[in-house]
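Descriptive structure summary
Residue strings, one per chain:
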Amino acid sequence: MRHSFFCIDSHTCGNPVRLVAGGGPLLPHLPIAERREIFVRDHDWIRQALMFEPRGHDIMSGAIIYPAFRDDCDFAVLFIEVSGCLPMCGAGTIGLVTAAIEEGLVTPRIPGKLSIETPAGRVDIDYDKPGEFVEAVRMFNVASYLHAADVEVDVPGLGLLTIDVSYGGNYYAVVEPQGNWPGLDGMSSDDIVDISRKLRDALAPICDPVHPENQRIRGVHHVLWCDAPTSDNADGRGAVFYGDKAIDRSPGGTGTSARLAQLHGKGRLRVGDSFRQESLIGTIFEGRIEAEVKIGDFKGIKPSVGGWARIIGHNTIFVDDHDPLAYGFQIK
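Scoring rules and cut-offs
Residues numbered from 1 in each chain as written. Predicted model: local features only at pLDDT ≥ 70, side-chain atom pairs only at ≥ 80, totals over all residues. Heavy atoms only, no water. UniProt positions renumbered as here; feature names shortened; annotations may be inferred. Helix = DSSP H or I, 4+ residues; strand = E, 2+ residues; numbered from the N terminus. Expected span 1.5 Å × (residues − 1). Buried < 20%, exposed > 50% of the residue type's maximum accessible area, 1.4 Å probe, protein only. 1 Å grid on protein atoms, 1.4 Å probe; cavity = no way out; pocket = protein on both sides within 12 Å on 5 of 7 lines; lining within 4 Å. Points joined across faces, edges and corners; volume = space filled by probe spheres on them. Nonpolar A, V, L, I, M, F, W, Y, C, P; charged D, E, K, R; others polar. Domains from an automatic or database assignment. Contact = heavy atoms within 4.5 Å. Polar contact = N/O pair within 3.5 Å; in protein donor to acceptor, adjacent residues only side chain to side chain.

For the protein chain, the name recorded in an unreviewed UniProt entry is 4-hydroxyproline epimerase, with Rhizobium miluonense as its organism. Taken directly from UniProt, the Sequence similarities (unreviewed entry) text for the protein chain runs: "Belongs to the proline racemase family." Under the UniProt heading Catalytic activity (unreviewed entry), the note attached to the protein chain is "trans-4-hydroxy-L-proline = cis-4-hydroxy-D-proline".

1. Quick word on helix α3 (residues 90-102)
Taking 1.5 Å of rise per residue, 13 residues should cover 18 Å, and α3 covers 18 Å from first to last C-alpha, within 8% of that figure. Most of α3 sits out of view: 12 of its 13 residues are buried. Taken as a whole, α3 has its buried residues at Gly90, Ala91, Gly92, Thr93, Ile94, Gly95, Leu96, Val97, Thr98, Ala99, Ala100 and Ile101. Note on α3: the residue one or two positions beyond its end, Gly104, has a positive phi of about 75 degrees.

2. Digging into the layout of surface pockets
In this structure, the largest pocket spans a volume of roughly 260 Å³. Taken together, 17 residues make up the lining of the largest pocket; nearest its centre are Arg36, Leu86, Pro87, Arg218 and His221. Mapped onto the lining of the largest pocket, the elements with two or more residues apiece are β5 (84-86), β13 (214-218) and β14 (220-227). Its residues placed into classes, the lining of the largest pocket shows 6 nonpolar, 7 polar and 4 charged. Taken domain by domain, the makeup of the lining of the largest pocket includes at least three residues from each of domain 1 (2-135 + 310-320) and domain 2 (145-306). There is about 170 Å³ of room inside the second largest pocket. Classifying every residue of the lining of the second largest pocket by side-chain character gives 5 nonpolar, 3 polar and 3 charged. In this structure, the lining of the second largest pocket is formed jointly by two domains, domain 1 (2-135 + 310-320) and domain 2 (145-306), each of which donates at least three residues.

3. Here we look at the environment of Glu292
Counting through the fold element by element, Glu292 comes out in strand β18 (residues 284-295). Residue classification places Glu292 among the exposed positions, given a relative accessible area of 56%. A C-alpha to C-alpha distance of 32 Å links Glu292 and Leu19, two positions 273 residues apart in sequence. Beyond its immediate chain neighbours, meaning those up to four positions away, Glu292 contacts His264, Val271, Gly300 and Ile301. Among the polar contacts made by the side chain of Glu292, one reaches the side chain of His264 at a distance of 3.0 Å.

In structure tokens:
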């Protein structure tokens, strides 16, 4: 049997985003968080086929658009990538908004604005389309917060690190330069992957966060390695690790949100302050703290992240049972 998927491929500041515009599975009209559970249970083969090799690669991100369940949203979205079906993806949001608007997949109720139902909550969007192209997208992300500060974790090969655990749509271990880790300079991508895996494994028995308002969101699956910027236009630089061996090519949307929440939680940024995050390839997201909020018993923020994306092609993908590798593979 052959399954066909029509996809619009783009990149957000360097990170690939594959929007599945046709061929996604029909799901019951439920809140998108519940549809996410159904997708993971019954249709995860689609994620693996479209994100894994030979059709994808280690840093592939994607999204599938659905009708919104919430009356206050224009549409709903499931985020698919190599590491799973995520609650939220910032780079994915900027990419899918750009593709959906430019290709006419959605008609905003208010020109220049969108509200998206994600498994992590409602995400509001401002976008700038002066002509044929969407030139900029600002994502008003879900409420973010510093979950735990100054957590000590012994990482094999590095020694004792002091890290913060912060939430920006996904949970992050946030690492800043210190005695046993001087920073990103001189580190290869393989080095980042290796120590990220070791840190995540060592952290799991020490700190295993659960979202205070959504127990479906739990666990630290991402690592954000922070350093000084190389660009005069940035305030900081970061390498986001996720999945088994992926490093975000963009500055990271949920990662920038988590960084804002961490800096605010430690008294280093205030409401209204901006923080421009530089990626490993030099692209920049502009983060901003919009407001203070409460998330359960935690003090948090409403962050926004501004960036851009570009469409790079249309892609009709076949998943055929005749192919022995139809459902994708990963090399560990």
